[in-house]
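Take a look at the letters that make up each chain.
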Amino acid sequence: MLVSAKEMLTKAKEGKYAVGQFNINNLEWTKAILLTAQELNSPVILGVSEGAGKYMCGYKTVVGMVNGMLEELKITVPVALHLDHGSYEGAKACIEAGFSSIMFDGSHYPIEENVEKTRELVGICEEKGMSIEAEVGSIGGEEDGVVGAGECADPDECKMIADLGVTMLAAGIGNIHGKYPDNWAGLSFETLDAVQQKTGAMPLVLHGGTGIPADMIKKAISLGVSKINVNTECQLSFQEATRKYIEAGKDLEGKGFDPRKLLAPGTEAIKATVKEKMELFGSVGKA
Ligand code: 13P
């Protein structure tokens, strides 16, 4: 059964480790992540972006697929199904569809509107026993061809949003989605420390988990990060394994296109990436 991310993240914050959020795109991705979590006895969060949700034929299909897998694969570790960077409408659709957790990314709204919408969604999630993540200070990336450090959140704004009763808070601390540029300034531990001091026991979320050096990940966890999102790294390992398979001409063996064979090396590569991250984040054995 899917669970809210609240308990697993509260335990992670207390125990000074982080639970990985791995984004899913299809059946193979999902199966690889769930099997790895079970094998390592680790709690896990499956992230679904709105785009991935559409690709997988809508949120109801995702819920059906994940619930089916939990049963058929006999998954007993805590699993949360979480909307990643949800819009207001997307958040409501996922609540309806049976997700156990949502992120409402109101960071692009003026702070008053972000507060108002977050408050409403917090109320609904509380009623349904779901967890909710909010974001303050947008996560960086490329803008007009210039790649810079991600934006840093204002610790007072973080406190304001945390006080609305969200389960976990994503604060921008110079992190970026996708690959980090060579001239990346690194994470702002000063900002993270200030946010953690203002928000106390609130589990903090680090987006853009791909490509952050291990020592920075560990330091971020020591300063209150209890959930780390990883997406690009799974895509890259899937891509590399699939390319090798095709370059070796393996896809031409056999009778014709067989997804079970073609997607197998990529699926194994995702398992290896998820295992490496769970070990780094310290969530192994914490289910
Ligand atoms: P990466 O794609 O950089 O791993 O970031 C994932 C993420 O933060 C999803 O919300």
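Whatever comes next refers back to the structure up there.
The sections below set out a description of the structure shown in this document. From a predicted model like this one, the values you see are computed outputs, not experimental measurements. Position numbers for residues start from 1 in each chain and track the written sequence from start to end. It should be noted that, the model being predicted, local features are given only for residues of pLDDT at least 70 and side-chain atom pairs only at 80 or more, the latter also being counted only at that level, while totals for whole chains, interfaces and linings use all residues. Based on all heavy atoms of the structure, the side-chain values leave hydrogens and waters out of the count.

## Considerations on the environment of A5
- Structurally, the position occupied by A5 is in the segment before α1 (6-15).
- Every residue pair with non-hydrogen atoms within 4.5 Å of one another is taken to be in contact. Those residues in contact with A5, other than ones at most four positions away along the chain, are I45, A80, S101, S131 and M168. The helix count covers DSSP runs of H or I at least four residues long, the strand count covers runs of E at least two residues long, and both are numbered beginning at the N terminus.

## Regarding the pattern of salt bridges
- Each salt bridge in this description consists of a side-chain nitrogen of Lys or Arg and a carboxyl oxygen of Asp or Glu lying within 4 Å of one another. Tallied over the full model, the rule gives 11 salt bridges.
- Salt-bridge contacts for E240 lead to K244; the nearest nitrogen and oxygen are separated by 3.5 Å. Taken together, the positions of E240 and K244, both in helix α10 (residues 232-247) and 4 residues apart, correspond to about one turn of that helix.
- We note a salt bridge from K271 to E268, for which the minimum N-O separation is 3.1 Å. One end of the pair is K271 and the other is E268, both in helix α12 (residues 264-281) and 3 residues apart, which spans about a single turn.
- Whether a residue is buried, partly exposed or exposed follows from its accessible area with a 1.4 Å probe, protein chains only, as a fraction of its type maximum: under 20%, in between, or over 50%, in that order. For E268, a relative accessible area of 46% translates into the label partly exposed.

## Considering the packing of aromatic side chains
- Two rings belonging to Phe, Tyr or Trp (six-membered ring only in the last case) form a pair when the distance between their centres is within 6.5 Å. Interplanar angles under 30 degrees mark stacking, angles over 60 mark edge-to-face geometry, and anything in between is tilted. The tally for this structure, following the rule as stated, stands at 5 aromatic pairs.
- Plain terms: the ring middles of Y180 and W184 are 4.0 Å apart, the flat faces sit at 45 degrees to each other, and that makes the pair tilted.
- Through a chain of ring-to-ring contacts, the aromatic side chains of Y88, F104 and Y109 assemble into a single cluster.
- A cation over a ring is seen here: K117 above Y88, with NZ or CZ 5.2 Å from the ring centre.
- For a Lys NZ or an Arg CZ to count as sitting over a ring, it must be within 6 Å of the ring centre and within 35 degrees of the ring normal. Its guanidinium or amino end placed over the ring of Y17, K286 lies 4.7 Å from that ring's centre, counting from NZ or CZ.

## Looking at the site of the ligand
- Neighbouring the ligand are D84, H85, H177, G178, H207, G208, G209, T210, N229, V230, N231 and T232.
- Using the Shrake-Rupley algorithm and a 1.4 Å probe, accessible areas are obtained, with residue cover drawn only from the displayed protein chains. Coverage of the ligand by the protein amounts to 97% of the 310 Å² it exposes when considered alone.
- Of all the elements in the fold, those that place two or more residues in the shell around the ligand are β3 (79-86) and β10 (225-230).
- We call Asp, Glu, Lys and Arg charged. Ala, Val, Leu, Ile, Met, Phe, Trp, Tyr, Cys and Pro are nonpolar, and the rest, Gly among them, are polar. For the shell around the ligand, a count of residues per class yields 1 nonpolar, 10 polar and 1 charged. One heavy atom suffices: a residue is near a molecule or strand as soon as one of its heavy atoms comes within 4 Å of it.

## Side note on the pairing of strand β5 (residues 131-136)
- The buried fraction of β5 is high, at 6 of 6 residues.
- Of the two faces of β5, the one carrying S131, E133 and E135 and the one carrying I132, A134 and V136 are both buried.
- In this description, strands pair whenever DSSP reports at least two bridges between them. Bridging between strand β4 (residues 101-104) and β5 involves 4 bridges; their strand directions are parallel. Its bridge partner being in β5, F104 is matched across the sheet by A134.
- As for the winding sense of the linkage, the β-α-β connection from β4 through helix α6 (residues 111-128) to β5 is right-handed.
- Note that β5 and strand β8 (residues 168-171) share 4 bridges and pair parallel. Paired with V136 across the bridge in β8 is A171. Throughout, right-handed denotes a crossover for which the path from the first strand over the helix to the second runs clockwise when the strands point away from the viewer.

## Focus: unusual backbone geometry
- One non-glycine residue, K74, lies in the positive phi region at around 55 degrees.
- Within the secondary structure, K74 sits in the loop between α4 (59-72) and β3.
- Although it is not a glycine, H85 adopts a positive phi angle of roughly 50 degrees.
- Structurally, H85 can be placed in strand β3.

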